[in-house]
Amino acid sequence: MRAMSPLPLWLLLWHLRHPAMAYLTVSIEPLPPVVVGDAVTLKCNFKTDGKMREIVWYRVTDGGTIKQKIFTFDAMFSTNFSQMENYRKREDLVYQSTVRLPEVRISDNGPYECHVGIYDRATREKVVLASGNVFLNVMAPPTSISVLAADTPAPFSRYQAQNFTLVCVVSGGKPAPLVYFKRDGEPIEATPLPEPPAGASSWAPRNLLHRDLDDTKLPKSLAAEGELGMGNPFPTADPPRGLAAERDSVTESIPETVVSREFPRWVHMAEPIYYFRHTHAPVSDGTVEARATLTWTLNPQIDNEALFSCEVKHPALSMPMQSEVTLVAPKGPKITMTPTRARVGDTVRILVQGFQNEVFPEPLFTWTRVGSRLLDGSAEHDGKELVLERVPAELNGSMYRCTAQNPLGSTDTHTRLIVFENPNIPRGPEDSNGSLSGHCGFRFVLALTLTVILELT
């Protein structure tokens, strides 16, 4: 039989000087990042030769200044007590050193501590304490993604290049996601832009193209106010006065006029240079809102009908999340007029209900009256709807132009207003035959003559 090796001298002396002291070591198993909704088990491992007194779990908040008890095991009374009643008893005691948190939330993110106490071997009035800690990293996948156009609605520039910016907004994720853009399915290589200055509420990209226009780069004559671009211009003479006669067609169908896109010679067909910027900001619920911008010098000749997508990679997602838009110029506005049979004194509403295609970005709408000012005296009106209150008979036959434009292009469409007689409103001093004014004049002259004769007599 093999003889036992003697204890080292230092260990023997230590036991002789501390015959009743117990030892205690505590460690917590590290945790990988978890996703919201997962079940998490916190394990506190300890070794001791003493008698157990208690195990207490704490959740540390406010940077370590506050420690909240979430679970207590008291060996003296052999009881388990939970301080997480307001957490709907989300923990289960599996073992003395294990706490289970089912369906973790973002608010559970943070450090946790396990404190273990044992009785000293010399006296039960003395307790030996040791602790360990672990950080629970709770991730959340993004909940929404959208692609917007900055600074819209914006007009179409026919003779001067302009910058265009797409903004991708990703919300609900933790940590901040990786955001990137694609064009027609291909990743875009972009030049990173610097961060905005501290305290700046907004940031505008610098001009990406610096060229001055001269006479050689502009057409000899620009489009006049009443010019329609394609086809013959409509007459700008005053519309006929008086009420419309009864007819089958209430409104006149006017074909759409698409403004021809003429571009200066310095708008090149080469690949554009893209500039990219990515920022993120914390939200009160613990998530992060990420914003990515893509800026370039727009060329409607090659950018119209281009497909741009914003894609997001996140450790809590099994596959990328994306949102896409197609840059499209407006075409084929659909205009409606209510009431369909307008009468004198009615309030007429002319509205753009949509287009023949999906338009992006949002168009800018401008209403004008061909050959004259609008009813309120203004030269133009911005918005999808034009309201004419208490239309008079003089507006019968008047024509209205709606210009819909975005940075990709512009289009004009026209509609003619037909005003009918309203039997509930008395006629004015002149009817269609002029007989009313003649009768009124005759009565006035007759009354004046009788007054003069009476004064002479």
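Residues numbered from 1 in each chain as written. Predicted model: local features only at pLDDT ≥ 70, side-chain atom pairs only at ≥ 80, totals over all residues. Heavy atoms only, no water.

Going by an unreviewed UniProt entry, the protein carries the name Immunoglobulin superfamily member 21 and comes from Taeniopygia guttata. Its UniProt record gives the protein the following Subunit (unreviewed entry) comment, quoted word for word: "Interacts (Ig-like 1 domain) with NRXN2 (via Laminin G-like 1 domain) in a trans-interaction manner." (UniProt positions renumbered as here; feature names shortened; annotations may be inferred.)

**Student:** Looking at this structure, how should I read unusual backbone geometry?
**Tutor:** Negative phi values dominate among residues other than glycine, just as trans dominates among peptide bonds. Residue Pro153 is reached from Thr152 by a cis peptide bond, and omega for that bond is 0°. That bond from Lys174 to Pro175 is cis: its omega, 0°, falls within 30 degrees of zero. With respect to the secondary-structure elements, Pro175 resides in the loop between β13 (163-173) and β14 (178-183). Despite not being glycine, Asp184 has its phi angle at roughly 50°, a positive value. Note on placement: Asp184 falls in the loop between β14 and β15 (186-187). Even without a glycine there, the phi angle at Glu305 is positive, about 70°. Take Glu305: it is sitting in the loop between α2 (300-303) and β21 (307-313). (Helix = DSSP H or I, 4+ residues; strand = E, 2+ residues; numbered from the N terminus.)

**Student:** Can you walk me through the sheet that holds strand β22 (residues 321-326) in this structure?
**Tutor:** The strands making up a sheet associate through backbone hydrogen bonding, with each pair oriented either parallel or antiparallel. Strand order in this open sheet of four strands is β15-β14-β21-β22, and the pairing throughout is antiparallel. Looking at strand neighbours, the two that pair on one side only are β15 and β22, the edges of this open sheet. Sheet analysis places β14 next to β21, joined by six bridges and oriented antiparallel. When the bridges of β21 are listed, Leu178 appears paired with Lys313. (Pairing = 2+ DSSP bridges.)

**Student:** Looking at this structure, how should I read the environment of Thr287?
**Tutor:** Topologically, Thr287 is positioned in the loop between β19 (274-282) and β20 (288-297). A residue is classified by how much of its surface remains accessible, and Thr287, at 7% relative accessible area, is buried. Sequence spacing of Thr287 and Gly172 is 115 residues, and the spatial spacing of their C-alpha atoms is 5.4 Å. Setting aside anything within four residues of it in sequence, one finds Thr287 in contact with Ile106, Gly172, Gly173, Lys174, Ala281 and Pro282. Polar contacts involving the side chain of Thr287 include one to the side chain of Asp285, which spans 2.6 Å. (Buried < 20%, exposed > 50% of the residue type's maximum accessible area, 1.4 Å probe, protein only. Contact = heavy atoms within 4.5 Å. Polar contact = N/O pair within 3.5 Å; in protein donor to acceptor, adjacent residues only side chain to side chain.)

**Student:** What's the story with the nonpolar core in this structure? I'm lost.
**Tutor:** Soluble globular proteins tend to bury their nonpolar side chains together. Leu166, Cys168, Val179, Phe181, Trp296, Phe308 and Leu327 are the most contacted members of the largest nonpolar core, which totals 26 residues. Among the elements of the structure, β12 (144-149), β13, β14, β19, β20 and β21 are those that each provide at least two residues to this core. Leave out the neighbours within four places in its chain, and Phe181 touches Leu166, Cys168, Pro187, Ile188, Phe276, Ala292, Thr293, Leu294, Ser309 and Cys310. Among the nonpolar cores identified, the runner-up in size contains 24 residues, and Val34, Ile70, Val99 and Val134 belong to it. (Core = buried A, V, L, I, M, F, W, Y, C linked by side-chain atoms within 4.5 Å.)

**Student:** Explanation requested: the confidence of the model for the protein in the structure shown.
**Tutor:** The predicted structure's coordinates, where accompanied by low pLDDT, should not be read in detail. Mean pLDDT over the protein: 77, with 67% of residues reaching 70 or higher. By mean pLDDT, the top-scoring element of the protein is β21 (97), and the lowest-scoring one is helix α3 (residues 435-456) (36). The low-confidence segment residues 198-249 (pLDDT under 50) makes 74 contacts with residues lying over four places distant or belonging to another chain. (pLDDT = per-residue confidence, 0-100.)

**Student:** Whenever I open this one, the packing of aromatic side chains confuses me. Can you help?
**Tutor:** For any pair of aromatic rings, the description rests on two quantities: the centre-to-centre distance and the angle between the ring planes. On inspection of all chains with the given rule, the structure shows five aromatic pairs. Ring plane angle 75° and centroid distance 5.4 Å describe the contact between Phe164 and Trp296, whose orientation is recorded as edge-to-face. With a gap of 132 residues between them, Phe164 in strand β13 and Trp296 in strand β20 connect regions that are remote in the sequence. Here Phe355 and Phe365 contribute two aromatic rings whose centre-to-centre distance is 5.9 Å and whose plane-to-plane angle is 20°, an arrangement assigned as stacked. (Phe/Tyr/Trp six-rings, centres within 6.5 Å; stacked < 30°, edge-to-face > 60°.)

**Student:** Sorry if this is basic, but what is going on with the state of the cysteines here?
**Tutor:** Among covalent bonds in proteins, the disulfide is the one between the sulfur atoms of two cysteines. If you walk through the whole model with that rule in mind, you get two disulfides. The disulfide partner of Cys168 is Cys310, and the S-S distance across this bridge is 1.9 Å. Negative torsions about the S-S bond denote left-handed disulfides, and the value of about -80° found for Cys168 with Cys310 makes this one left-handed. Of this pair, Cys168 sits in strand β13 while Cys310 sits in strand β21, and the two are 142 residues apart along the sequence. (Disulfide = S-S within 2.5 Å.)

**Student:** Would you explain the side chain of Lys174 in this entry?
**Tutor:** Tracing the chain through its elements places Lys174 in the loop between β13 and β14. We note that Lys174 is buried and unpaired, the nearest opposite charge coming from Asp285 at a distance of 10 Å. Looking at Lys174, its side chain comes within polar contact range of the side chain of Asn137, at 3.3 Å. Among the polar contacts made by the side chain of Lys174, one reaches the main-chain carbonyl oxygen of Val138 at a distance of 2.7 Å. (Lys, Arg positive; Asp, Glu negative; His and termini not counted. Salt bridge = Lys/Arg side-chain N within 4 Å of Asp/Glu carboxyl O.)

**Student:** Please explain the pattern of salt bridges as it appears in this structure.
**Tutor:** It is possible for side chains of opposite charge to pair when their charged atoms get near one another. Under the defined criterion, the tally for this structure stands at seven salt bridges. With its nearest N and O atoms 3.4 Å apart, the salt bridge here joins Lys182 to Glu311. Of this pair, Lys182 sits in strand β14 while Glu311 sits in strand β21; the two residues are 129 residues apart in sequence, bridging distant segments of the chain. Across the pair, exposure class does not vary: Lys182 and Glu311 are buried alike. The salt bridge involving Arg291 is made with Glu289; its shortest N-O contact spans 3.4 Å.

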